[in-house]
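The lines below spell out each chain.
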Amino acid sequence: MELSNFQIPFRSGALHGSITSAASGGAPRALALHGGGRSTRQGFQPLLTSLAERGFSSASFDFHGHGESVGSLADSSLQHRAEQVLAVAEGLQLPRPVSLIASSMGGHVACSLIAALAPSALVLYCPAAYEDAAQTAPFGPSFQAIIRATTSFSRSPAFDALEKFEGRLLLVLGTEDAVIPKAVEHEYATRARMARRVEILRLEGAGHHLHAWLSARPSEFERVASRVLATLEDRA
């Protein structure tokens, strides 16, 4: 396994990321998208390392305002994040179709890119969803006001896009997640009607911070990583 860093120019700054390469080499076949809050690409690193040790190369990066990608979150939005993903995919010349691995807010962003990237597989950890009005709202008070006022998630653009997804979907959910509403989990579990395969892993006793929870439970980490790889490589 080899870890190498990269920078992709984006507007007036740069997006910092890493490629986790298998010993056999080869271009990354998946791109990992972290969530909001204080999260960074490092949350996915144990999983990406495990995938590389099994022969699967991937890439990850810090969104604008997170980790090594400096900037103000007030200058970013969900739409802005989607543009960042496209910039990284183009900058790294990732082969198509590229699979997407995402957590929390990253799940919504991943779904918003289904039409643009046509991913062969989606692996979503505790994915969030937002209504259309939140897409271009800058992160901060206006974005928070929109999500606090949301009463129905069924018309989220994430789910509209998921209905057209024809690849493989793996959902990793915590039974004690107090952040993602059960209605959102239900929509993710039922709206991928055209998907080739939908698999749901429910982690008993896990909350929203699944990466930290799994890092403390090697057997559960191994179980989830095995299913992630099977989804990415189209194996049963």
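Residues numbered from 1 in each chain as written. Predicted model: local features only at pLDDT ≥ 70, side-chain atom pairs only at ≥ 80, totals over all residues. Heavy atoms only, no water.

Student: Would you take a moment to explain the pattern of salt bridges for this structure?
Tutor: Oppositely charged side chains can form a pair if their charged atoms are brought close together. For the structure on display, the rule yields 17 salt bridges. Taking the shortest distance from any N to any O, the salt bridge between arginine 197 and aspartate 234 comes out at 3.8 Å. With arginine 197 in strand E8 (residues 197-203) and aspartate 234 in the segment after helix H9 (218-232), this pair connects stretches of sequence that are 37 residues apart. Judged by relative accessible area, which is 25%, arginine 197 ranks as partly exposed. Looking at aspartate 234, the relative accessible area reads 34%, which means it is partly exposed. Across the pair glutamate 233 and arginine 235 runs a salt bridge whose closest N-O atoms are separated by 3.2 Å. (Salt bridge = Lys/Arg side-chain N within 4 Å of Asp/Glu carboxyl O. Helix = DSSP H or I, 4+ residues; strand = E, 2+ residues; numbered from the N terminus. Buried < 20%, exposed > 50% of the residue type's maximum accessible area, 1.4 Å probe, protein only.)

Student: Got a minute to help me understand the sheet that holds strand E7 (residues 168-174) in this structure?
Tutor: Two pairing modes exist for strands in a sheet, parallel and antiparallel, and in both the strands are linked by backbone hydrogen bonds. Taken in spatial order, the eight strands of this open sheet run E1-E2-E4-E3-E5-E6-E7-E8, and their pairing is mixed. With partners counted over all chains shown, the strands left at the sheet margins are strand E1 (2-10) and E8, one partner each. Going from strand to strand, the sheet's axes swing by 20° on average, the running direction of each strand aside. Judged from the four bridges that link them, strand E5 (residues 99-103) and strand E6 (residues 121-125) form a sheet pairing that is parallel. Residue pairing across strands places alanine 102 opposite leucine 124, the latter belonging to E6. Its contacts with the sheet place helix H1 (residues 45-53) against E1, strand E2 (13-21), strand E3 (30-33), strand E4 (58-61), E5 and E6, and it is angled at close to 40° to E2. Contacts from helix H3 (residues 105-112) reach E3, E5 and E6, with the element oriented near 150° to E5. (Pairing = 2+ DSSP bridges. Axes fitted to C-alpha atoms, helices over the stretch in contact; angles between N-to-C directions. Contact = heavy atoms within 4.5 Å.)

Student: Just to check I follow, could you spell out the packing of helix H2 (residues 78-91) against H3 for this structure?
Tutor: If you want to describe how two helices pack, look at the angle between their axes and the distance between the axes. At a closest axis distance of 9 Å, the pairing of H2 and H3 adopts a crossing angle of 65°. On the basis of the axis angle, H2 is roughly perpendicular to H3. Once H2 is placed against H3, the crossing between them reads as right-handed. Listed contacts from H3 to Leu78, Arg81, Ala82 and Val85 of H2 are Met105, His108, Val109 and Ser112. When its residues are assigned to classes, the contact of H2 with H3 shows five nonpolar, two polar and one charged. (Parallel < 35°, antiparallel > 145°, perpendicular 65-115°, else oblique. Left-handed = near helix turned anticlockwise from the far one by under 90°. Nonpolar A, V, L, I, M, F, W, Y, C, P; charged D, E, K, R; others polar.)

Student: Sorry if this is basic, but what is going on with the pairing of E7 here?
Tutor: Two faces make up the sheet, and in a regular strand the side chains alternate between them. Within E7, seven of the seven residues are buried, leaving the element largely enclosed by the surrounding structure. The alternating pattern of E7 places Arg168, Leu170, Val172 and Gly174 on one face and Leu169, Leu171 and Leu173 on the opposite face, and all of these are buried. With five bridges joining them, E6 and E7 adopt parallel strand pairing. If you follow valine 123 over to E7, its bridge partner there is leucine 170. In this structure, E7 lies alongside E8, joined through seven bridges in parallel fashion. Each bridged residue has a counterpart across the sheet, and for leucine 169 the counterpart in E8 is valine 198. Handedness of the β-α-β unit built from E7, helix H7 (residues 182-190) and E8 comes out right-handed. (Right-handed = clockwise from strand over helix to strand, strands pointing away.)

Student: Is there a simple way to explain the side chain of serine 21 in this structure?
Tutor: If you trace the backbone, serine 21 turns up in strand E2. Its relative accessible area of 15% is what places serine 21 among the buried residues. Contacts of serine 21, omitting those with residues within four sequence positions, involve Met1, Glu2, Ala52 and Ser57.

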